[in-house]
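Survey of secondary and tertiary structure
Listed below are the residues making up each chain.
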Amino acid sequence: MIVVKFGGTSVGDAEAIERAASIVRGRLPGRPVIVVSAMGGATNALLALAEQASRGQLIGAARAVEALRERHLNAVTALVPDAQAATELSGELGAMFDELARLAEAISVLGFLTPRSLDTIAAYGEILSSHLVTAAFRARDIPAELVDARRVMITDDHFCKAEPDADRIAEAARAHLQPHLREGRVPIMGGFIGATPDGITTTLGRGGSDYSASLVGAALQADVIEIWTDVDGMLTADPRVVPDARLIERIRFDEASELASFGAKVLHPSTIAPAVRRGIPVYIYNSRRPEGKGTLITSDAPRRPVSAIAAKSATTVVKLRSTRMLLASGFMKTVFEIFERHRTSVDVIATSEVSLSVTLDDPSNLDELLGDLTPLGDVSVERERGIVSIVGAGLSDNGVALARAFGALGDLRVHMASLSATGINLTLVVDGEHVGPAMQRLHDAFFGEGAT
Ligand SMILES: Nc1ncnc2c1ncn2[C@@H]1O[C@H](COP(=O)(O)OP(=O)(O)O)[C@@H](O)[C@H]1O
Ligand SMILES: N[C@@H](CC(=O)OP(=O)(O)O)C(=O)O
């Protein structure tokens, strides 16, 4: 069997869903399980309306619910020609929107949001899209069968970034997906969402539908996992920043994972792990150009000195200076236990004998974190930084690539630098406003005309 995942842009409107249906029709012999994201932008809209409601701005939140309702119901009209099927689906989706409106109202009365209620609201995106896509596929003679992802994707209760339970998922996938495959049906489930063993809705974190696809693929020993998106595959840089970025036809799991972690949004960073463990190849394809070659992520892709440049903006740097670090074994352990306690992961680390600097992707627990770090030394915080990362297997083979990287940055200030010991990643922290120019300059240096 294969797993075919469509991102939000690939189910963003009726035309996109039509394209997805014809892609799936061509894949029927491979026995696909389909994983769909929310219609593009829907998750952002849901999270924003939840925030709005919690601030008491109920009219704004209600308007956002109605805008989403209109968008989904327009898609039903365009995609489901049979009047009875369309009425049934509109009724079902309509009831969900009524429920969503009531939830927004309840949150506005409470005046606060919990991670659990945020997940309940965010999950509507994938619940709605999976219903819509199932009906649209059926109307196109695909024997689609909706499977509630919350019965398959069993997680812990760390709302907003829940940890999947691989054993339970494998068992649930065999129980709820396998029978459909055996009967020649095409199971369709929402990505990103899951539930605790008690059935409380959770989500896997932003961009988590890729992760869902990979977990399902690992659970059912898929031959291939396909991630369908709005670009030709994994490129040498984000094409929104570097328009002349090129397709990478084959890339190794470890490099793809580094790129995803350091900002190549085309792939969720956690996607790779379940696929790697089972040796399942992952393809990334463009749903607007299904005939393209795409990118194959595999363990045996050729090693290149530099594969791609990734970047992230809105990074926070935390610096700790302490003479207690001098010759003190166990100091780092104390520091990282504090990060762990606040469930804050760090991206880049640089140390000297008396200081430690780290970057945080998600500063939501920053105040509590700083409270615990302060007794250890002088702590300072720099916001509005960005990370630019050069990924490639031969970065540290000799000084040429490193010299080229620093030379290309020219007058752009570098606040931190970290070269991984495996030589696969050189990460530089720059001013947030310099992320775009830094990415372009590095891309020109490694992939532009004349670069070898
Ligand atoms: N190295 C890269 N290669 C390809 N796309 C990238 C890269 N870095 C960032 N991106 C961005 O990732 C986007 C696709 O991810 P996303 O918007 O999450 O799609 P989807 O909704 O299909 O999951 C692309 O439109 C592109 O701008
Ligand atoms: N809809 C979720 C999950 C997801 O993975 O979406 P996409 O595949 O469009 O990145 C989000 O926006 O976070």
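Residues numbered from 1 in each chain as written. Chains lettered and ligands numbered in written order. Predicted model: local features only at pLDDT ≥ 70, side-chain atom pairs only at ≥ 80, totals over all residues. Heavy atoms only, no water.

Per an unreviewed UniProt entry, the protein chain goes by Aspartokinase and derives from Gemmatirosa kalamazoonensis. The record held by UniProt for the protein chain lists under Catalytic activity (unreviewed entry) the comment "L-aspartate + ATP = 4-phospho-L-aspartate + ADP". UniProt, in its Sequence similarities (unreviewed entry) section for the protein chain, records the words "Belongs to the aspartokinase family." (UniProt positions renumbered as here; feature names shortened; annotations may be inferred.)

So, on to the pattern of salt bridges. For side chains bearing opposite charge, pairing can occur when the charged atoms are close. Taken as a whole, this structure holds 23 salt bridges when the rule is applied. Here D232 ties to R289 by a salt bridge, and the two come within 3.0 Å at their closest N and O atoms. Of this pair, D232 sits in the loop between β7 (224-229) and β8 (250-252) while R289 sits in the loop between β9 (282-286) and β10 (295-298), placing them 57 residues apart in sequence. Of the charged contacts, one joins R341 and D372 as a salt bridge, the two residues approaching to 3.2 Å between their closest N and O atoms. Remark: D372 occurs in helix α13 (residues 366-373) and R341 occurs in helix α12 (residues 331-341); sequence separation between them is 31 residues. Overall, R341 belongs to the exposed group, its relative accessible area being 55%. Look at D372 and you get partly exposed, because its relative accessible area is 28%. Through salt bridges with shared partners, one network takes in K319, E382, R385 and D431. (Salt bridge = Lys/Arg side-chain N within 4 Å of Asp/Glu carboxyl O. Helix = DSSP H or I, 4+ residues; strand = E, 2+ residues; numbered from the N terminus. Buried < 20%, exposed > 50% of the residue type's maximum accessible area, 1.4 Å probe, protein only.)

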